[in-house]
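# Understanding the architecture of this molecule
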Amino acid sequence: MSTSSSHHQSPTRPFPPGFLWGTATASYQIEGATLADDRGPSIWDNFSHTPGAVWNGDTGDVACDHYHRMEEDLDLLGELGVGAYRFSVAWPRVQPTGKGPANQSGLDFYRRLVDGLRSRNIEPTLTLYHWDLPQPLEDEGGWCERDTAERFADYVDLVARALGSDVERWITLNEPWCSSWLGYGAGRHAPGLKDIGKAAAANHHLLLAHGLAIPILRAAVPSAKVGITLNLGDHRPGSEHELDVAAARRADGNLNRLFLEPIFHGQYPQDMLDHYDQTQPGFSVVREGDLELIAQPLDFLGVNYYFPSTVVDTSRATEARLAGYVVAESEQFPDLRVRSLETPGRDRTSMNWEIAASGLTSLLVRIRNDYTTLPIYITENGAAFDDYVDPNGRVLDHNRVAYLQEHISAVHDAIDAGVNVQGYFVWSLLDNFEWSFGYSRRFGIVWVDFPTGDRLAKESYHWYRDTIRSNSVEYATSVGSG
Ligand code: IFM
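Residues numbered from 1 in each chain as written. Predicted model: local features only at pLDDT ≥ 70, side-chain atom pairs only at ≥ 80, totals over all residues. Heavy atoms only, no water.

It is worth spelling out the overall build of the protein at this point. When helices and strands are tallied, the protein shows 16 helices and 16 strands. For the protein, whose C-alpha radius of gyration is 21 Å, the value lies close to the compact-globule estimate of 23 Å for 482 residues. Counting only C-alpha atoms and orienting by the principal axes, one finds that the protein spans roughly 60 × 60 × 45 Å. The buried share of the protein, taken over its 482 residues, is 61%. (Helix = DSSP H or I, 4+ residues; strand = E, 2+ residues; numbered from the N terminus. Rg over C-alpha atoms; globule rule 2.2 N^0.38 Å. Buried < 20%, exposed > 50% of the residue type's maximum accessible area, 1.4 Å probe, protein only.)

What follows is the structure in structure tokens.
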């Protein structure tokens, strides 16, 4: 592509040798073929077919049809030159009802994918759960029930035995905060419940599932590198007022500390336990010994970062408006008396997420200072923009290139500060099903023409290929890094 060389004229910052570059996707968002080869229904099939749940009534029925176009997608990865590819396995392909023996044709699909990656020298990074819970398990209470964690452990055993040492890195869960708090608390994700007590119970049972899976993975695949991927954020108070500082602490407690503290310190944060004390079942589902399971040693931490948040206490919304902010409802934290602020004029993505790469650096430094010195992989980072194919048949997504450059540079800042970051995965390889936003938000570095499924590499794909080749990034000087 003609534009690619011009990106590398400014001074560059080399990454350590062996730094792992990758891209990420997830099963329900790209595969389609939801009825193929005896796959069972998942909570996202049900939810997306519920009128009003997803923008435009979009579903994952066809998605990017990756199930049938895997070879083409493998070639895109090969030409990109990534060292690793992060994908997820759909539990209902492996166990159509969430229980019982493996469905061999489901496992065969992932075997072909793993072999296709290895033959291109791309390390498979496998996420075991990226939100597509088998619907029959939800019918029995889903993540509110302890039994679902036990069922997850059985499923992990089947996948680990089938794919074993051909998979380098294993990620137990993707973003358990979304599964629990968006799925059972805010009702914005499957299964669409709005029950804070259930969300808290789901939070714990997801972490328990992670804890139960670790020894199973280690037994089945002694060489396995095991980790978990969390979506973490950087919460800033909108003012120095004590109520706003406390609101930022509550948001941080819910999104970050409810996951980081049990995993790395073997305990739930007391302020959050106090906050959810009256909700039922809430954290009363925690049993003796659970936290020891959850806090078992890991080999790495996966961090997904997209945007920072500025928040105030609900009672201080008027003051925030007077200070020039736009005050938004905070659907993410329905019970926390928190409002999100938007600073007019700040660059935002088409998700309306503020662009501020410095939040990634400060988050990584904080993880190192407060939680762990384990290797960190940025298992997702990227941006949705209103892309289009221009009359010359190209997608010139300069805004995505700028976003990626700033954030990769922010990763470099963290490495310079001594944080042990060993890899970075762009979300996403392909435009795909963006959950409740359907196909209206494009995160890919490859354009997908829905519904024909044709792929077209965007400018950001070529830019990322050059970045991987040079193992370096330009100094970020542009907007949005404040
Ligand atoms: O598309 C999602 C992904 O499934 C999980 N992390 C955030 C992405 C963008 O919203």
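Turning our attention to the packing of aromatic side chains. Under the counting rule described, the total for this entry stands at 34 aromatic pairs. Centroid distance tyrosine 439 to phenylalanine 450: 4.5 Å. Interplanar angle 45°. Geometry classified as tilted. Of the two residues, tyrosine 439 is situated in the loop between strand 13 (421-427) and strand 14 (446-449) and phenylalanine 450 in the loop between strand 14 and strand 15 (454-457); the sequence distance between them amounts to 11 residues. A residue is classified by how much of its surface remains accessible, and tyrosine 439, at 16% relative accessible area, is buried. Phenylalanine 450 sits in the partly exposed class, given a relative accessible area of 21%. Every member of this aromatic cluster is reached through a ring pair, and the members are Tyr28, Trp44, Phe47, Trp131, Phe433, Trp435, Tyr439 and Phe450. The positively charged end of arginine 93 is found above the aromatic ring belonging to phenylalanine 109, 5.9 Å away from the centroid. One Lys or Arg, arginine 442, reaches over the ring of tryptophan 447 and ends 3.6 Å from the middle of that ring. (Phe/Tyr/Trp six-rings, centres within 6.5 Å; stacked < 30°, edge-to-face > 60°. Lys NZ or Arg CZ within 6 Å of the ring centre and 35° of its normal.)

Counting 150 residues, the largest nonpolar core has Trp44, Tyr129, Trp143, Phe152, Trp170, Tyr424 and Tyr464 as its most contacted members. Ranked by size, the runner-up nonpolar core spans 5 residues in total, among them Val312, Ala317, Ala320 and Val327. (Core = buried A, V, L, I, M, F, W, Y, C linked by side-chain atoms within 4.5 Å.)

Averaged over all residues, the pLDDT of the protein equals 95, while 96% of them reach at least 70. Here residues 1-8 is a poorly scored stretch, pLDDT under 50, and it has 19 contacts once near neighbours within four places are set aside; other chains count. Here residues 478-482 is a poorly scored stretch, pLDDT under 50, and it has 14 contacts once near neighbours within four places are set aside; other chains count. (pLDDT = per-residue confidence, 0-100. Contact = heavy atoms within 4.5 Å.)

This part covers helix 7 (residues 146-163). The first and last C-alpha atoms of helix 7 sit 27 Å apart over 18 residues, in line with the 26 Å expected at 1.5 Å per residue. Here helix 7 has its buried residues at Arg146, Thr148, Ala149, Arg151, Phe152, Ala153, Tyr155, Val156, Val159, Ala160 and Leu163. One or two steps after helix 7, the chain reaches glycine 164, where phi turns positive at roughly 40°. (Expected span 1.5 Å × (residues − 1).)

Let us look at the pairing of strand 6 (residues 225-231). Most of strand 6 is tucked away: 6 of the 7 residues are buried. Bridging between strand 6 and strand 8 (residues 300-304) involves 5 bridges; their strand directions are parallel. Note that in strand 8 the partner of isoleucine 228 across the bridge is leucine 301. (Pairing = 2+ DSSP bridges.)

The next point concerns the site of the ligand. Around the ligand sit Gln29, His130, Trp131, Asn174, Glu175, Tyr306, Trp353, Glu380, Trp427, Glu434, Trp435 and Phe443, and those are all the residues in its vicinity. One of the side-chain N or O atoms of tryptophan 427 is found 3.3 Å from an oxygen atom in the ligand. Surface burial for the ligand is 95%, taken as the share of its 280 Å² of free accessible area covered by protein chains. Tallied by class, residues from the shell around the ligand come to 6 nonpolar, 3 polar and 3 charged. (Near = heavy atom within 4 Å. Polar contact = N/O pair within 3.5 Å; in protein donor to acceptor, adjacent residues only side chain to side chain. Areas by Shrake-Rupley, 256 points an atom, 1.4 Å probe, with all protein chains shown as cover. Nonpolar A, V, L, I, M, F, W, Y, C, P; charged D, E, K, R; others polar.)

Let's shift gears to unusual backbone geometry. Here alanine 190 and proline 191 are connected by a cis peptide whose omega angle stands at 10°. Take proline 191: it is sitting in the loop between helix 8 (176-185) and helix 9 (196-220). A cis amide bond links tryptophan 427 to the next residue, serine 428, at an omega of 15°. Secondary-structure assignment places serine 428 in the loop between strand 13 and strand 14. In this model, aspartate 38 sits at a positive phi of 65°, which is unusual for a non-glycine residue. The residue aspartate 38 is located in the loop between helix 1 (27-30) and helix 2 (43-48) in this model. Although it is not a glycine, asparagine 352 sits at a positive phi angle of roughly 70°. You can see asparagine 352 is positioned in the loop between strand 11 (338-342) and helix 14 (358-370).

Spatial ordering of the closed barrel is given by 2-3-4-5-6-8-12-13, a layout of 8 strands whose pairing is parallel. The mean angle between the axes of side-by-side strands here comes to 25°, regardless of whether they run parallel or antiparallel. Sitting on the sheet, helix 16 (residues 459-470) is in contact with strand 2 (20-24) and strand 13, with an inclination near 155° to strand 2. (Axes fitted to C-alpha atoms, helices over the stretch in contact; angles between N-to-C directions.)

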